[in-house]
Amino acid sequence: MQLRCFDESCATKLDLHAPALACPKCDGLLEVEVDAPKTSAALLKELWSERRKSRDPRDISGVWRYREFLPDYPANEIVSLGEGNTPLVRGHRSAAWAGVSDLQFKHLGWNPTGCFKDLGMTVGMTEAVHTGATVVACASTGNTAASLAAYAARAGLTGRVYLPAGQVSLNKLAQALDFGAEVVEIEGSFDDALNTLLEKTSEGIYFLNSINPFRIEGQKTTMFELMDQLGWKAPDYLVVPGGNLGNSAAFGKAFAELLRFGFIDKAPRMIVVQAAGANPFAQLWRDNADELSPVEEPETVATAIRIGNPRSWRKSLSGVRKTGGQVLDVTDDEIAEAKAVIGRDGIGCEPASAATLAGLRKLRASNSVPENASVVAILTGHVLKDTNFIIQAHKREEAHAHS
Ligand code: F0G
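Not measured: the values here are computed from a predicted model.

## Here we look at the nonpolar core
Judged by nonpolar contacts, the single largest core of 77 residues is most densely connected at M125, V136, L238, F251, F263 and F281. Those residues in contact with F281, other than ones at most four positions away along the chain, are L245, V272, Q274, L292, W313, S316, L317 and V327. Grouped together as the second largest cluster of nonpolar side chains are 34 residues, W97, Y237, A373 and A377 included.

## Observations concerning the site of the ligand
Taken together, 20 residues are adjacent to the ligand, and S140, G243, N244, L245 and T380 come closest. Taking S140, its side chain carries an N or O atom lying 2.7 Å from an oxygen atom of the ligand. Measuring from an oxygen atom of the ligand, one finds a backbone N or O atom of G243 at 2.7 Å. Burial of the ligand by the surrounding chains reaches 98%, relative to a free accessible area of 480 Å². Those elements that provide at least two residues to the shell around the ligand are α5 (143–155) and α9 (246–260). Here the residues of the shell around the ligand are counted per class, giving 7 nonpolar, 11 polar and 2 charged.

## Some thoughts on the packing of aromatic side chains
In total, this model carries 11 aromatic pairs according to the counting rule given. On the numbers, 5.4 Å between centres and 15 degrees between planes, the contact of W48 with F263 is stacked. Highlighted residues: W48 in helix α1 (residues 41–50) and F263 in the loop between α9 and β11 (269–275), separated in sequence by 215 residues. The same class applies to W48 as to F263, namely buried. Ring centres of W64 and Y73 lie 6.0 Å apart, and the angle between their planes is 80 degrees; this geometry places the pair in the edge-to-face category.

## Quick notes on the state of the cysteines
Among covalent bonds in proteins, the disulfide is the one between the sulfur atoms of two cysteines. Within this structure, the stated rule accounts for 0 disulfides. Here C5 is not cross-linked by a disulfide; its sulfur's nearest cysteine counterpart is in C26, at 3.5 Å. Look at C5 and you get buried, because its relative accessible area is 0%. The closest cysteine sulfur to the non-disulfide-bonded C10 is located on C23, 3.7 Å from its own sulfur.

## Here we look at the pattern of salt bridges
Enumeration according to the criterion identifies 22 salt bridges in this entry. Ionic pairing is found between K53 and E50, a salt bridge with its closest N-O pair at 3.3 Å. Put simply, E182 and R160 hold a salt bridge, and the shortest N to O gap is 2.8 Å. Here E182, found in strand β8 (residues 182–186), pairs with R160, found in strand β7 (residues 158–164); they are 22 residues apart in sequence, far enough to count as distant. Each member of the salt-bridge network shares a partner with another, and the members are R4, E8, K13 and E33.

About the criteria used
Residues numbered from 1 in each chain as written. Predicted model: local features only at pLDDT ≥ 70, side-chain atom pairs only at ≥ 80, totals over all residues. Heavy atoms only, no water. Core = buried A, V, L, I, M, F, W, Y, C linked by side-chain atoms within 4.5 Å. Buried < 20%, exposed > 50% of the residue type's maximum accessible area, 1.4 Å probe, protein only. Contact = heavy atoms within 4.5 Å. Near = heavy atom within 4 Å. Polar contact = N/O pair within 3.5 Å; in protein donor to acceptor, adjacent residues only side chain to side chain. Areas by Shrake-Rupley, 256 points an atom, 1.4 Å probe, with all protein chains shown as cover. Helix = DSSP H or I, 4+ residues; strand = E, 2+ residues; numbered from the N terminus. Nonpolar A, V, L, I, M, F, W, Y, C, P; charged D, E, K, R; others polar. Phe/Tyr/Trp six-rings, centres within 6.5 Å; stacked < 30°, edge-to-face > 60°. Disulfide = S-S within 2.5 Å. Salt bridge = Lys/Arg side-chain N within 4 Å of Asp/Glu carboxyl O.

That's the geometry; what it means functionally is another story.
Given below as structure tokens:
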């Protein structure tokens, strides 16, 4: 395996463990280029099933179980909290509300720190350990910070998180503090926090935002686990919320590899949903533009995806296009309504995750998705990730009922 520039016209190759954040030639995004597996798809599928009975920590992890598609590390270097193994749950009220007959949620909020970030962090932190890092850092809207803090603690490294001041859910901030991270608050948005951190690359900090290709590798395994759960038969549609666009980028990479090496014969159409106040990717899609125009002052109640300048948009766009998917946005009111419906299914999620159901309903209303389509929606964060949002929403509802 090696690192490769994502830009096809550059395609510069680097040693897998080269300490680079971007392509040294064109400054483009890097990705891990996986080798063809030595075993057939059929045998690997069997092996991955067998591993579910094993007590080896690498087999118990829903990420490292699929390690034939990950960089190779000595077992004692792997930093794991038993991530992955999240269920597919049917949401009957949610399906009726959106207007589809076959809807399942893949709830990534049921990971160790309550968010999908753990799936990438286990690989990113393992790479940090492997390369001898002592300080790891990220900018975050909250969830990456909580996850980085937990995995850094696990690995015995110093974790440092750059957060947009006053714009992060207190539940997420509390997690980062509990896990012992150093918290740096930056005036401005997530994008400002990320820019501040990026300026510090000369200070020997190992950088763990989702432009880190190792995090993308871990997040990629979500789709391996999902396809495994579905008997390697893809649903018609996969719906994902989009912020910095690392997760959808990772899913697009997973489908490309699963198709290329004969694990599936069809990928689901990938639908990325943004919040209307932080929607540069949806705008790009609508305008059929070639370049992303950042949103200067992103604003949404779904603070996790309050991002104006998503870094991984090229990778995500490639996945959306190759799978025949699309990108759209939904309003904060639509997100709040969808979130309440998911709650009444007994499932719950944080606001950003509910953008998926709101997006699906919107696509049904315009008949872009047929009623009988099979749909998997990705819920990215746990209901307890933003309790203030819930309390405020219910206070407003009560005030409305009494007025
Ligand atoms: N859902 C949740 C709950 C998130 O925390 C994020 C991103 C997303 C969706 C969007 O994922 O960025 O890969 O497109 N949160 C990041 C953070 C930015 O810092 O926690 P994406």
